[in-house]
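Coordinate analysis (summary)
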Amino acid sequence: MKIADRITRLGTETAFAVSAEAAAFAAQGNHVYPFHLGDMNLPTPSTVVDGAIKAIRDGKTGYCPNTGIPQLREALAADVSASHGVSYTAENVAVQPGGKPVIGKFIQAVMNPGDEVLYPNPGYPIYESQIEYHGGTALPYGYLETDDGFTIDIDAIERQITPRTRMLILNDLQNPIGAEASPAEFERLAEIVRRHDLQVLCDEAYFEIRYSGASRSFVSLPGMVERCVVLYTFSKKYAMTGWRLGAAIGPRNVIEVIAKINVNDESCSNHFVQYGALAGLTGDTTEVKQILTTLRDRRDASVAALNAIEGVHCACPEVTFYLFPNVTGAMANMGFDDYDAFRRAVLEATGVSVCTRLHFGRAIPGEINRYIRFAYSGIDTDQIQEGLARLKAFLESGGT
Ligand code: PLP
């Protein structure tokens, strides 16, 4: 068949290709240490599981309202209002089959072809894909490395804004970098958003994946709640990546448009899964807290082991389950210039499977430092230690 022209503009998530490569390597009898995908090997809390099973038994197996069951919309509005210091109601919530669909639906709802959209790079690759697929112009902004993490390159944002710039995509807390914006960064961004009349997608997929302190949402800044749509997901907090449930939360007129897209795309999100999520939101949180404790132990093990490798420097983020170590020295020591050659050599020599910076967007001109991304959400601490000891031996072995 002939494929439509617009498909040439549709990108993908190349981390899934790394995953397939790692699986093929494992199928040849090799041991793989999976650091490549932000999937989770932790069980979904039993409150959620029990809630969903009960809903199946109770016959919640037909279609439900296309914006989600009212109880879940209400519970989400109450939960997010409390954590964000704003006042959403059920009408501000459209339940989705995952957080990811919010990206494309928001873009379809507010972006006209030819509009410019600022998006993070390195960042979640679906932003660029959806902007370009729907005929927008994608303007990447980067992050600057500091002594203890990364900050948004806000100057790069300001420099690129033109009268055609309509939207800002903000991913705080950030994948793949593990960055968290400071209050000063938020203030400056909010001022830019107001001055240039931008609409904002706040991708908060990791809002509740944090090990100390409290998350603060961009929507809580003055004037932002009416300009922002929040991407909410159950995937990470409740270890529910495969259940596929999330929500778009924002101004009613945008939520109504997104609801109309729901009708066109999937009619409704899975009915009984919504009861499971509702039980998770309103029930006992012991197992949810245990997920964070486990992830924190893994983070500590990963950061310590990575920083023990010559030519590797890794910050220790309090948020997300990603690390973005600077491997410029290690690549140079080993004589690698090409990211993918380096990644493959690491996989073949050690079984450690990672993504590189290039899985999160094209390199920004002038970018000198090299980074790889470690996800520790799908690998146990003993495997982290074993894999990273092998990585250390390889990277300190002195060259190809
Ligand atoms: N946004 C970011 C930044 C992500 O990293 C992910 C998943 O990894 C998502 C959105 C979407 O997740 P899901 O569709 O599972 O909710």
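The notes below deal with the structure included here. Note that the coordinates shown come from a computational prediction; the quantities given were computed from them, not determined experimentally.

Some remarks on the pattern of salt bridges
Scanning the entire structure with this criterion turns up 24 salt bridges. The salt bridge partner of Lys100 is Glu13, with a shortest N-O separation of 2.7 Å. With Lys100 in helix H4 (residues 100-110) and Glu13 in the segment before helix H1 (15-27), the pair connects residues that are 87 residues apart, well separated along the chain. With its nearest N and O atoms 3.0 Å apart, the salt bridge here joins Asp340 to Arg343. Of this pair, Asp340 and Arg343 both sit in helix H12 (residues 339-350), 3 residues apart, which is roughly one turn of that helix. In this structure Asp340 comes out as partly exposed when scored by relative accessible area, which is 26%. Arg343 gets classed as buried once you look at its relative accessible area, which sits at 3%. What you see here is one network of salt bridges that share partners, running through Asp155, Glu158, Arg188, Glu191 and Arg195.

Re the nonpolar core
Membership of the largest hydrophobic core comes to 67 residues, with the highest contact counts inside it found for Phe35, Leu295, Leu306, Phe321, Phe374, Leu391 and Leu395. For this core, the element with the highest residue contribution is helix H10 (residues 286-307), accounting for 6 residues. Taken domain by domain, this core gets at least three of its residues from each of domain 1 (5-43 + 287-395) and domain 2 (47-282). Other than its neighbours up to four places away in sequence, Leu395 contacts Ile309, Val312, Ala330, Met334, Phe342 and Val346. Core analysis: the second largest hydrophobic core is formed by 58 residues, Leu72, Ala247, Ile249 and Leu281 among them.

Side note on the packing of aromatic side chains
Here the structure, examined in full by the defined rule, presents 13 aromatic pairs. Considering the side-chain rings of Tyr206 and Tyr322, the 5.3 Å spacing of their centres and the 75° angle between planes classify their relative orientation as edge-to-face. Of this pair, Tyr206 sits in the loop between strand S8 (199-203) and strand S9 (228-233) while Tyr322 sits in strand S11 (residues 322-323), placing them 116 residues apart in sequence. Here Tyr206 and Tyr322 have matching classes, each one buried. For the ring pair Phe234 and Tyr238, a centre distance of 5.6 Å and an interplane angle of 40° mean the geometry is tilted. What makes Phe234 buried here is its relative accessible area of 1%. Residue classification places Tyr238 among the buried positions, given a relative accessible area of 2%. Connected via pairs of aromatic rings, a cluster forms that spans Phe150, Phe324 and Tyr371.

A short note on the sheet that holds S11
The antiparallel open sheet is built from 3 strands, whose spatial order is S11-S14-S13. Both edges of this open sheet fall to S11 and strand S13 (355-356), since each of them pairs with a single strand only. Note that S11 and strand S14 (residues 372-375) share 2 bridges and pair antiparallel. In the strand pairing of S14, Tyr322 is matched with Ala375.

Re unusual backbone geometry
Cis geometry is adopted by the peptide bond preceding Pro122, which originates at Asn121 and carries an omega value of 5°. Here Pro122 is to be found in the loop between strand S3 (116-120) and helix H5 (126-133). With omega at 15°, the peptide bond leading from Asn175 into Pro176 counts as cis. Within the secondary structure, Pro176 sits in the loop between strand S7 (165-171) and helix H7 (183-195). Phi is positive for Ala239, close to 45°, though the residue is something other than glycine.

Reading guide: rules and limits
- Residues numbered from 1 in each chain as written.
- Predicted model: local features only at pLDDT ≥ 70, side-chain atom pairs only at ≥ 80, totals over all residues.
- Heavy atoms only, no water.
- Salt bridge = Lys/Arg side-chain N within 4 Å of Asp/Glu carboxyl O.
- Helix = DSSP H or I, 4+ residues; strand = E, 2+ residues; numbered from the N terminus.
- Buried < 20%, exposed > 50% of the residue type's maximum accessible area, 1.4 Å probe, protein only.
- Core = buried A, V, L, I, M, F, W, Y, C linked by side-chain atoms within 4.5 Å.
- Domains from an automatic or database assignment.
- Contact = heavy atoms within 4.5 Å.
- Phe/Tyr/Trp six-rings, centres within 6.5 Å; stacked < 30°, edge-to-face > 60°.
- Pairing = 2+ DSSP bridges.

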